Amino acid sequence: MSISNLEIESQIIIRDIPIQIVRKPIKNLHVGVYPPHGHVRVAAPLHLSEDNIRLAVISRLSWIKKQRANFEAQPRQSKREMVSGESHYVFGSRYRLEVIERRGRHEMALIPPKTLQLFVNPGTSPQNRALVLTEWYRSQLRARIPDLLDHWQPIIGQEVAEWGIKKMKTKWGSCNINQHRIWVNLELAKKPVECLEYVVVHELVHLLERHHNQRFKAYMDQYLPNWRECRDILNREPLGEL
């Protein structure tokens, strides 16, 4: 169990389903099921007992199982071997990978209409080929996020002090409200660009409203009326191997 910023984390298992519990200074209990594998997370008020949390989870068990089944039914990319002929996604479009071995700097190139070239030294392992692609994905996000922030920060009236990109197993984005820092999931480089915009707006709105309550949804409706469609796109898109 760890304590951070007045949050207490623990885990319970109900009907063979691991449940992450995060106790924090909030009024209401919230149950969420997150991609890519249906991770269950409960945000609960600090004073709520474990028995009460168990009862709340059990009362939502049919909904939880349905959400987990939906995630498991999603199309998934097979494990990447980083060889020519594989399909890889770039901002929602599928590209055919072409691996070119030659001496020199490792790099990537998009060749219209649907080819993604990977230049590596002879004998480069699949793991190191994947690292080249991962860093290229990161660079694609770095190139797009500043423009999105420049557009949306004055509209929403909030500015971030810092932003970053990292692999996350259960969230598409996150926001540290106290430090005005946001993170976006590296996997968004594979999703349609409107999904990246949705996540950026979502995290900026958290600077106005911490919780996913009606006020938060009202802000989302005001700033990005199609946000639910973007959220649904993320849930429908093929999941990558994290």
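Residues numbered from 1 in each chain as written. Predicted model: local features only at pLDDT ≥ 70, side-chain atom pairs only at ≥ 80, totals over all residues. Heavy atoms only, no water.

## What to know about the overall build of the chain
- A count of helices and strands for the chain gives six helices and twelve strands.
- By its C-alpha atoms, the chain is 60 × 45 × 30 Å across when sized along the principal axes.
- Relative to its 242 residues, the chain shows a buried fraction of 45%.
- Within the chain, residue pairs in contact and separated by at least 24 positions form 45% of the contacts whose partners lie at least 6 positions apart. (Helix = DSSP H or I, 4+ residues; strand = E, 2+ residues; numbered from the N terminus. Buried < 20%, exposed > 50% of the residue type's maximum accessible area, 1.4 Å probe, protein only. Contact = heavy atoms within 4.5 Å.)

## Structural notes on the pairing of strand β7 (residues 93-101)
- Where strand β6 (residues 87-90) meets β7, four bridges bridge the pair, whose relative direction is antiparallel. Residue pairing across strands places S87 opposite R96, the latter belonging to β7.
- Sheet topology note: the β7/strand β9 (residues 115-120) ladder contains six bridges and is parallel. Bridge pairing in β9 links R96 to T115. (Pairing = 2+ DSSP bridges.)

## Describing helix α3 (residues 126-156)
- Taking 1.5 Å per residue as the helical rise, α3 with its 31 residues ought to reach 45 Å, and the 43 Å between its terminal C-alpha atoms agrees with that figure.
- Positive backbone phi, at 80°, marks G157, one or two positions downstream of α3. (Expected span 1.5 Å × (residues − 1).)

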